[in-house]
Amino acid sequence: MEHWHGFETARNVVQIHETTIADSESELSAHFVTVPVRSLGGSSYLLRGPVGPLETLGLLRLADVPFGGVARSLAACLVSEDVEEFMRRFDRGFEEETRHPSTQLPRPFVFAEYLTFARVIPFEQPTLSADSLGNILTAQGHGEAGYMYYEDTGTPLLGVAIPSGMLLCGSTRSLVQALHSGLRQRLTEFVKGSHSEDTGVDEPL
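One structure accompanies this document, and this report is about it.

1. Topic: the pairing of strand β7 (residues 156–162)
Here β7 lies mainly inside the structure; seven of its seven residues are buried. Residues of β7 alternate between two faces, with Pro156, Leu158, Val160 and Ile162 on one and Leu157, Gly159 and Ala161 on the opposite face, all of them buried. One ladder, built from six bridges, connects strand β6 (residues 144–150) with β7; its direction is antiparallel. Bridging across to β7, Met148 finds its partner in Leu157. Bridge count for β7 against strand β8 (residues 165–171) is five bridges, and the pairing is antiparallel.

See below:
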């Protein structure tokens, strides 16, 4: 039997997960990017550098995730084209949209509620499984989470950096646009740098 030497190089392998979740009854679609802590060189990645990991990626904070208002604020994020629209919807609390009987809730709120509570997001804690956004936010411990915008595109998204890893979420159009506009490259470089610093690897992975 041949010997497989993969375990000797596994410590140098990093991984980033991406998934798109769409509502087949509307045009709503959310894109998620998650990075497990094993690809970040351990939870100490949160403390490296003069600024936090999300700011290092070029993400600028707009607002905290409101306690008890994850689904409502996420709905505002998913339907907003720019920062101004997001802040308007966020500040008024989606009030007009949620003043309906439960059977007539607006589709963005229903979709965001599903994303908040359904275990559909690939996340490693520590093994890869499907988890809900609500669980990830609740279990954050120390770290940071909030609504932000990518400085090169101005599109709003949700950013999470906690001991168990990182998560980015936004409408598919907005987040994919940001990824193609340099966010993916920044994320890849940050992951490689964090992992190399922890393992002592100097060469590019």
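Now that the structure has been shown, the text picks up again.
2. Notes on the sheet that holds β7
Read across the open sheet, the six strands follow the order β1-β2-β8-β7-β6-β3; overall the sheet is antiparallel. The open sheet terminates on both sides in strands that have one partner only, identified here as β1 (17–22) and β3 (59–64). Each adjacent strand pair in this sheet contributes to an overall mean axis angle of 25°, direction not counted. Direction of pairing for β3 relative to β6: antiparallel, over a ladder of five bridges. Within β6, the residue paired with Leu59 across the bridge is Tyr150. With respect to the sheet, helix α3 (residues 70–79) is in contact with β2 (29–36), β6, β7 and β8, its orientation differing from that of β6 by roughly 15°. Most of the contacts of helix α4 (residues 83–92) go to β3, to which it runs at about 15°, and overall it touches β3, β6 and β7.

3. Focus on the packing of aromatic side chains
Across all of its chains, the model carries four aromatic pairs by this definition. An angle of 75° between the planes, with centres 6.4 Å apart, marks the rings of Tyr45 and Phe190 as edge-to-face. Of this pair, Tyr45 sits in the loop between β2 and α2 (53–56) while Phe190 sits in helix α8 (residues 172–199); the two residues are 145 residues apart in sequence, bridging distant segments of the chain. Here Tyr45 falls in the buried class, since its relative accessible area comes to 0%. A centroid spacing of 5.5 Å and a plane angle of 40° characterise the contact between Phe86 and Phe90, whose relative ring orientation is tilted. Of the two residues, Phe86 and Phe90 are both situated in helix α4; the distance of four residues between them amounts to about one turn of the helix. The exposure class assigned to Phe90 is buried, which follows from its relative accessible area of 15%.

Each value, and the rule that gives it
- Residues numbered from 1 in each chain as written.
- Predicted model: local features only at pLDDT ≥ 70, side-chain atom pairs only at ≥ 80, totals over all residues.
- Heavy atoms only, no water.
- Buried < 20%, exposed > 50% of the residue type's maximum accessible area, 1.4 Å probe, protein only.
- Helix = DSSP H or I, 4+ residues; strand = E, 2+ residues; numbered from the N terminus.
- Pairing = 2+ DSSP bridges.
- Axes fitted to C-alpha atoms, helices over the stretch in contact; angles between N-to-C directions.
- Contact = heavy atoms within 4.5 Å.
- Phe/Tyr/Trp six-rings, centres within 6.5 Å; stacked < 30°, edge-to-face > 60°.

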